[in-house]
Amino acid sequence: MLTTVGQVADRAMELGIATVGGPAEDDLREQPLSYYGGDIAGALIDMMEEWGAGVRVHPKVDGLLEGYRDLFGRFAASSGGAVTITDVELLDEADGERIRMLVNGDELVWHLEHQSDRYIDTLMVFEIADRLAPRDDTDPRVFVEVHDTDDQSGYIFADPAALSILIRELGIEPA
């Protein structure tokens, strides 16, 4: 059973989920998983985000465009360059709001539904996350959604088979 931050880091690196990063300080490596909170799924999301292999979705933003640019910038960064996301813009068209971006150089346009100008459309993120994949067809990594107990979302960029092993070993219910 994986019980410390260091054990999770080592196992994630062994499975190819986190290729760099992880806790460098010995005192952090020995910390129990509860160092990141009582929710193991939430802890995994936070660790992977800290180590550069994950993204936690924060729905509340100061401004929609900046919020989407920040979010998709973090998605691209967590892929280590395997996925590029550029030119994020919001469009207000006669039939509704849209988000437009270039994913690996290809245009992606998606319908948005905002309840407020302070919250991003998290359903849209869920709907397009699987389209944020490496252009290289031999790269099995995708953004896999993980839910914490507060029903907040995070995405980990990994081979789904490898991530399912880590999730099972941590005792997390699959999303």
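In this report, the structure presented in the accompanying data block is examined. (Residues numbered from 1 in each chain as written. Predicted model: local features only at pLDDT ≥ 70, side-chain atom pairs only at ≥ 80, totals over all residues. Heavy atoms only, no water.)

## What to know about the sheet that holds strand E4 (residues 106–112)
Here's step 1: Strand order in this open sheet of 3 strands is E2-E3-E4, and the pairing throughout is antiparallel. Either end of the sheet is taken by a strand with one partner, and the two such strands are strand E2 (85–93) and E4. Neighbouring strand axes in the sheet, compared pairwise and without regard to direction, differ in orientation by 20° on average.
Here's step 2: With 7 bridges connecting them, E2 and strand E3 (residues 96–103) associate as antiparallel partners. Bridge pairing links Thr86 to Leu102 in E3.
Here's step 3: Sheet strands touched by helix H4 (residues 64–78): E2, E3 and E4. Its angle to E2, the strand with the most contacts, is close to 150°. (Pairing = 2+ DSSP bridges. Helix = DSSP H or I, 4+ residues; strand = E, 2+ residues; numbered from the N terminus. Axes fitted to C-alpha atoms, helices over the stretch in contact; angles between N-to-C directions. Contact = heavy atoms within 4.5 Å.)

## Here we look at the nonpolar core
Here's step 1: Counting 29 residues, the largest nonpolar core has Ile17, Leu44, Met48, Trp51 and Leu166 as its most contacted members.
Here's step 2: Of the residues forming this core, the biggest block, 6 residues, is contributed by helix H3 (residues 40–50).
Here's step 3: Ranked by size, the runner-up nonpolar core spans 27 residues in total, among them Leu64, Leu112, Ile120 and Ala129. (Core = buried A, V, L, I, M, F, W, Y, C linked by side-chain atoms within 4.5 Å. Buried < 20%, exposed > 50% of the residue type's maximum accessible area, 1.4 Å probe, protein only.)

## Details of the side chain of Asn104
Here's step 1: Its place among the elements puts Asn104 in the loop between E3 and E4.
Here's step 2: Looking at Asn104, its side chain comes within polar contact range of the main-chain oxygen of Ala133, at 2.7 Å.
Here's step 3: Those residues in contact with Asn104 that sit more than four places away from it in its chain are Ala82, Val83, Thr84, Ala133, Pro134 and Arg135. (Polar contact = N/O pair within 3.5 Å; in protein donor to acceptor, adjacent residues only side chain to side chain.)

## So, the packing of aromatic side chains
Here's step 1: Applying the stated criterion across every chain, the model contains 6 aromatic pairs.
Here's step 2: Ring geometry for Tyr35 against Tyr36: centres 5.2 Å apart, planes inclined by 80°, an arrangement best described as edge-to-face.
Here's step 3: Judged by its relative accessible area of 14%, Tyr36 falls in the buried class.
Here's step 4: Among the aromatic side chains, those forming a connected cluster through ring pairs are Tyr68, Phe72, Phe75, Phe143, Tyr155 and Phe157. (Phe/Tyr/Trp six-rings, centres within 6.5 Å; stacked < 30°, edge-to-face > 60°.)

## Digging into unusual backbone geometry
Here's step 1: Its identity as a non-glycine residue notwithstanding, Asp87 has a phi of 55°, on the positive side.
Here's step 2: Note that Asp87 resides in strand E2.
Here's step 3: Residue class for Asp87 comes out partly exposed when judged on its relative accessible area of 46%.
Here's step 4: The phi dihedral of Asn104 is positive, around 55°, even though this residue is not glycine.

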